[in-house]
Amino acid sequence: MDDARMYVDGEWVDAAGGGRFEVVNPATGEVIATVPDAGAADVERAVDAARRTFDQGDWWPRTSERERGRILLRAAEIVRREHERLARLETTDCGKPIGEARDDIAEVAFMFEYYGGWATKVHGEIPPVGPDALSLVVKEPMGVVAAITPWNYPMTMAVQKVAPAIAAGCTVILKPAEQTPLTALELPGILEEAGLPRGVLQVLTGFGETAGAPLVASPKVDKVGFTGSRDVGKLVMRSSADTLKRVTLELGGKSPNIVFADADFDAAVEGSCNGIFWNQGEICSAGSRVLVEASIYDDALAAMAERAARVELGDGLDERTTMGPLVSAEQLERVERYMEIGRREADLVVAGRLPTDDRLAGGYFATPAIFQATNDATIAREEIFGPVMTVIPFDDPDEVVRLANDTDYGLAAAVWTRDVKKALRTARALRAGIVWINDTQPAPTEAPWGGYKQSGIGRELGAHGIEDYLEAKHIYVNLSR
């Protein structure tokens, strides 16, 4: 994939302006591919193809739910066939350990399968409106969808939007993150082999300012699905407002991870560390604020520090690696900047630093960091998107709920306790889109995913995932004449 191309209207194309940009392996800093640098003209071409295919295409507007389902089910089998190759490409592109990438690609296959099944399960309603009329509520595809996806789960997040959109009967323009476009560029070939007709899926590689912005602003786009930072999400929402597009935003988080004194101590320590160190901490739902009951605070802090010291940094393709590099030099600089803020505001327990191992030279590595902090510290309030944990003490359940909810975000939370009633009372009181009890970070495809407050708008996955790509039309029939 040294010189990859974009996919528009069933063809592999270069950018209209001829520009390209480099894709870098974050474990080595080496260039692994170049891809087209899409601009406004490329966006217009892609949107026109999607619009034409949806409005007047030869086949897609008349396709049946069964056929859409069959396409997605075939895509699932192709992903399974290519599982190891795709996992290795994902790791090379974004840095995550190969075991985590294998899990991600397995879930990609299941997402295709899940929404392949949903294609034939969408149904309307017949609400009662009296004896002299009949009301039919039918569900129809929303239209042309712009899907803009992040770099931390590149293929998973792409399919999380593409699969339900196709199941619903929409057409899609996918713009993956410029840092990690390579597995997104595998999707056209997979879906083409599965039988998807030309014009249904376009994939543009480019930057947010030059490709993402005109895509969101286009009056020919009916819906935007965006996953990324809160600040960019606000820009997407403002731009979408000009044409009143439907918008789904899955944004950031500063998730509380609550450990009560009666929790299974070892499981809570392990889970809390996984909640922030998994995927290098590059997780929107990362449990970056660990709230520990005061009576076990010192013991928990020591155990978490010992667990952090056992993290194996390395190239994600090395099976021994448990934490790979951050995605880019820019992201490493961001984490290091927050580390400096943390040193001024809080007590450093485990120091994040660049490793000296020659095998990791050139890569964007940062080791785990743990701070003793208060909930008003900058590192406890702003999303860092790296392996930086803040550990905060609390005295009682009411206090911890107040601390947990004292944030602009509301994506996720975790509660560790053996007391079922306490767990459920706490979960109900937390302002978060998902609350894990005695676990952290599972995001099953079958259940909704999204946040409260400034963590976003709408829900993806589960039945909600396909509903967000459908319009409800009311057809009223007068039976009295």
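The rules behind the values
- Residues numbered from 1 in each chain as written.
- Predicted model: local features only at pLDDT ≥ 70, side-chain atom pairs only at ≥ 80, totals over all residues.
- Heavy atoms only, no water.
- Phe/Tyr/Trp six-rings, centres within 6.5 Å; stacked < 30°, edge-to-face > 60°.
- Buried < 20%, exposed > 50% of the residue type's maximum accessible area, 1.4 Å probe, protein only.
- Helix = DSSP H or I, 4+ residues; strand = E, 2+ residues; numbered from the N terminus.
- Lys NZ or Arg CZ within 6 Å of the ring centre and 35° of its normal.
- Expected span 1.5 Å × (residues − 1).
- Salt bridge = Lys/Arg side-chain N within 4 Å of Asp/Glu carboxyl O.
- Disulfide = S-S within 2.5 Å.
- Contact = heavy atoms within 4.5 Å.

**Q** Whenever I open this one, the packing of aromatic side chains confuses me. Can you help?
**A** One pass over the full model with this rule turns up eight aromatic pairs. Look at Trp-59 and Trp-60: their rings are 6.1 Å apart centre to centre, the planes differ by 45°, and that puts the pair in the tilted class. A relative accessible area of 2% means that Trp-60 is categorised as buried. Plain terms: the ring middles of Trp-151 and Phe-385 are 5.3 Å apart, the flat faces sit at 85° to each other, and that makes the pair edge-to-face. Residue Trp-151 is located in the loop between β6 (144-148) and α5 (154-168), and its partner Phe-385 is located in the loop between α12 (378-381) and β15 (388-394); the two are separated by 234 residues in the primary sequence. Looking at Trp-151, the relative accessible area reads 15%, which means it is buried. Residue Phe-385 is classed as buried on the basis of its relative accessible area, which comes to 15%. An aromatic cluster is present here, built from Phe-110, Tyr-114 and Tyr-115 joined pairwise through their rings. Its end group placed over the ring of Tyr-153, Lys-96 keeps NZ or CZ at 3.7 Å from the ring centre. Its end group placed over the ring of Tyr-469, Lys-223 keeps NZ or CZ at 4.9 Å from the ring centre.

**Q** Honestly, α5 in this entry has me stumped. Any pointers?
**A** Every α-helical turn comprises 3.6 residues, leaving residues that sit three or four positions apart pointing alike. End to end, α5 covers 22 Å across 15 residues, agreeing with the expected 21 Å (1.5 Å per residue, within 8%). In terms of residue burial, α5 counts as a mostly covered element, since 15 of its 15 residues are buried. Immediately downstream of α5, the backbone of Gly-169 shows phi near 100°, a positive value.

**Q** Looking at this structure, I do not really get the pattern of salt bridges. What am I missing?
**A** As a working rule, side chains carrying opposite charge can pair if their charged atoms are close by. Throughout the structure, instances matching the rule amount to 33 salt bridges. Between Glu-11 and Arg-198 there is a salt bridge whose closest N-O contact spans 3.7 Å. Within this pair, whereas Glu-11 is found in strand β2 (residues 11-13), its partner Arg-198 is found in the loop between α6 (187-194) and β8 (201-203), the two being separated by 187 residues in sequence. According to the relative accessible area criterion, Glu-11 is partly exposed, its value standing at 37%. Arg-80 is paired through a salt bridge with Glu-113; the nearest N and O atoms lie 3.2 Å apart. Of this pair, Arg-80 sits in helix α2 (residues 65-81) while Glu-113 sits in helix α4 (residues 98-118), placing them 33 residues apart in sequence. Residue Arg-80 is classed as partly exposed on the basis of its relative accessible area of 36%.

**Q** What am I meant to see in the state of the cysteines here?
**A** When the sulfur atoms of two cysteines share a covalent bond, that bond is a disulfide. For the structure on display, the rule yields zero disulfides. Cys-284 takes part in no disulfide bond, and the closest cysteine sulfur to it belongs to Cys-94, at a distance of 14 Å. Exposure remark for Cys-284: the relative accessible area of 9% places this residue in the buried category.

**Q** For this particular structure, what's the right way to read the side chain of Asn-279?
**A** Residue position: Asn-279 is located in the loop between α9 (265-277) and β12 (289-293). Discounting residues that sit within four places of it in the chain, Asn-279 has contacts with Lys-96, Glu-100, Asn-152 and Tyr-153.

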